[in-house]
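# A structural walkthrough
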Amino acid sequence: MDIPPEVINALQASTASDLYPVTGSESYDSAILKTGILQFDSGAILRLTRLDVPFLIICARQILLRGPAPHATITRDMGIVAKTGAFGANGVRGTDGARAGMGGAHAAGGSAGMPGQSDALPPLYIFMEEMVAHPQAPSEWLDFWLLMPGIGGGAGGVGGSGGDGGVGAAGTPGKDGLLACEVRPGDGGNGGAGGPGSAGGAGGNGSDGGQLVYVGPDTARAQMSWIKVVNIGGAGGQGGARGRGGAGGHGGSPGTNTAYCPPGRNGFAGPNGIDGVDGPSGQPGKKGIVSLVVRVSLDDLYA
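Residues numbered from 1 in each chain as written. Predicted model: local features only at pLDDT ≥ 70, side-chain atom pairs only at ≥ 80, totals over all residues. Heavy atoms only, no water.

## Some points on helix 1 (residues 5-13)
Those residues of helix 1 that fall on the buried side of the exposure criterion are V7, I8 and L11. Angular distribution of buried residues about the axis of helix 1 spans 95 degrees; they occupy a single face of the element. Residues P5 and A13 are exposed on helix 1 and point more than 90 degrees away from its buried face. Looking at the buried side of helix 1, the elements it contacts are strand 3 (32-40), strand 5 (56-65) and strand 7 (124-133). (Buried < 20%, exposed > 50% of the residue type's maximum accessible area, 1.4 Å probe, protein only. Helix = DSSP H or I, 4+ residues; strand = E, 2+ residues; numbered from the N terminus. Arc of directions from axis to C-beta. Contact = heavy atoms within 4.5 Å.)

If you want it as C-alpha cells, here you go:
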C-alpha cells in the first residue's frame, strides 16, 4: 500500500525531539509523536488520547526498550466511550374531564429514545528504523504490546413513557321532586386511556479495530511483526430500554345521591397504555487490519 501524501506532509512539517522517554504510565495528547529515540522503561505505557484526528503517527529512528526484562505498551485511551443516546421525552398527561360526567382525555405517547453513537478510530502509522533492547535481546524476546481495540458503541436512549390518562369528571347531582326522583344522578365520566410507551433507541455499532501501518526498512518490518497486537472490533452498544405505557385515568364518581333517585355509577377506568419495545443492540465492529510497508530510509522525514 502507499502512504497517503497528507501523512508524509504532516510528518515532514513536524519537529522531532532527540529523545522521548516513557516511564510509568504516560498520556500523549497530540496526533504526531516524532523523535530520534523513543525510549520505554520496563513496563512503561504510552497512552494515545487524541483520537478525534484523521490519523495518528509515531515516528522514531529507534525504539529502545530498557531493562533486563523489556516490556512496553502503546495503547489508545481505553476511557474513551461512545455517547449514549438521549432519552425519549415522556408523553403529556391527558386532561381531566371538564364538565360533569365528561370523560378524561387520552394521554399522548412518549417519544422514542435516540440511537447510541459510534466513534471510529483513526489509523495509526508507526515509522521505525530499528528496535533495540538492553541487554541486546533479539526482537522475539521483546514483550511489546500495541492495544488498539475498537470503541464500543453507545447505549441506546431509554424510550419515553406514555402519559397517564385524564380522570373522568364526577356525574351531575340527582334531584328529587315531590316524593319522587325528578333527575337521576349522572354517571361518572370514563377515565382516559394511558399513552403508549415508546421504543428504546438502537445501540450504536462498535467501531472496527485499529488500522495499523508499520513503515520502515526490511529489518524494522521484521522486528515490528513481533509486536503483540490487540485490534479486535468494539462491542455493539446495548439497545435502550422500552418506555412504559401510561396508567389509565380513574373513572369519575357518580353524581350526588338523593332520597328517591337510584344511584349513578362510577365511570370506567381508562385502559393502560401498552409498553414500547426495547431497542436493538448495535453490531460489533470488525477486526482491524495490519499492513507492512517497506521504506528504505526515513532520512527525508527528518531533513
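## So, the packing of aromatic side chains
In the structure shown here, the tally under the stated rule is two aromatic pairs. Their ring planes at 90 degrees and their centres at 5.7 Å tell us that Y20 and Y28 sit as a pair that is edge-to-face. Judged by centre distance (5.9 Å) and plane angle (55 degrees), the ring pair of F40 and F144 falls under tilted. One end of the pair, F40, is in strand 3; the other, F144, is in strand 8 (residues 143-147), and 104 residues separate them in sequence. (Phe/Tyr/Trp six-rings, centres within 6.5 Å; stacked < 30°, edge-to-face > 60°.)

## Thoughts on the sheet that holds strand 11 (residues 212-216)
Reading across from one edge, 1-3-5-7-11-13 is the order of the six strands in this open sheet, with parallel pairing throughout. Where the open sheet ends on each side, the last strands, each with one partner, are strand 1 (17-22) and strand 13 (290-294). Neighbour to neighbour, the strand axes of the sheet diverge by 30 degrees on average, direction disregarded. Bridge count for strand 5 against strand 7 is nine bridges, and the pairing is parallel. (Pairing = 2+ DSSP bridges. Axes fitted to C-alpha atoms, helices over the stretch in contact; angles between N-to-C directions.)

## Section: the side chain of T258
Inspection of the secondary structure puts T258 in the loop between strand 12 (228-230) and strand 13. When its relative accessible area of 18% is taken as the criterion, T258 is described as buried. Among the polar contacts made by the side chain of T258, one reaches the main-chain amide nitrogen of C261 at a distance of 2.9 Å. In this view, T258 contacts G174, K175 and D176; residues no more than four positions away in its chain are not counted. (Polar contact = N/O pair within 3.5 Å; in protein donor to acceptor, adjacent residues only side chain to side chain.)

## Things to note about a nonpolar patch on the surface
Together, L178, L179 and Y260 make up a nonpolar patch on the protein surface, roughly 410 Å² of accessible area in all. Of note, Y260 is situated in the loop between strand 12 and strand 13. (Patch = residues over 30% accessible without salt bridge, like charges linked within 9 Å, V, L, I, M, F, W, Y side chains within 5 Å. Areas by Shrake-Rupley, 256 points an atom, 1.4 Å probe, with all protein chains shown as cover. Salt bridge = Lys/Arg side-chain N within 4 Å of Asp/Glu carboxyl O.)

## Focus: the nonpolar core
Within the largest apolar cluster, 33 residues are counted, with the highest numbers of intra-cluster contacts made by L38, F40, L46, I63, L124 and L146. Not counting chain neighbours up to four residues away, the residues in contact with L46 comprise Y20, V22, E26, Y28, L33, F40, I58, T73, I74 and T75. (Core = buried A, V, L, I, M, F, W, Y, C linked by side-chain atoms within 4.5 Å.)

## Notes on the environment of G165
Within the secondary structure, G165 is located in the loop between strand 8 and strand 9 (175-177). A relative accessible area of 4% places G165 in the buried class. As a C-alpha pair, G165 and A247 span 82 residues in sequence and 6.2 Å in three-dimensional space.

## As for unusual backbone geometry
Residue L179 is not a glycine yet carries a positive backbone phi of 60 degrees. Examined against the element boundaries, L179 turns out to sit in the loop between strand 9 and strand 10 (180-183).

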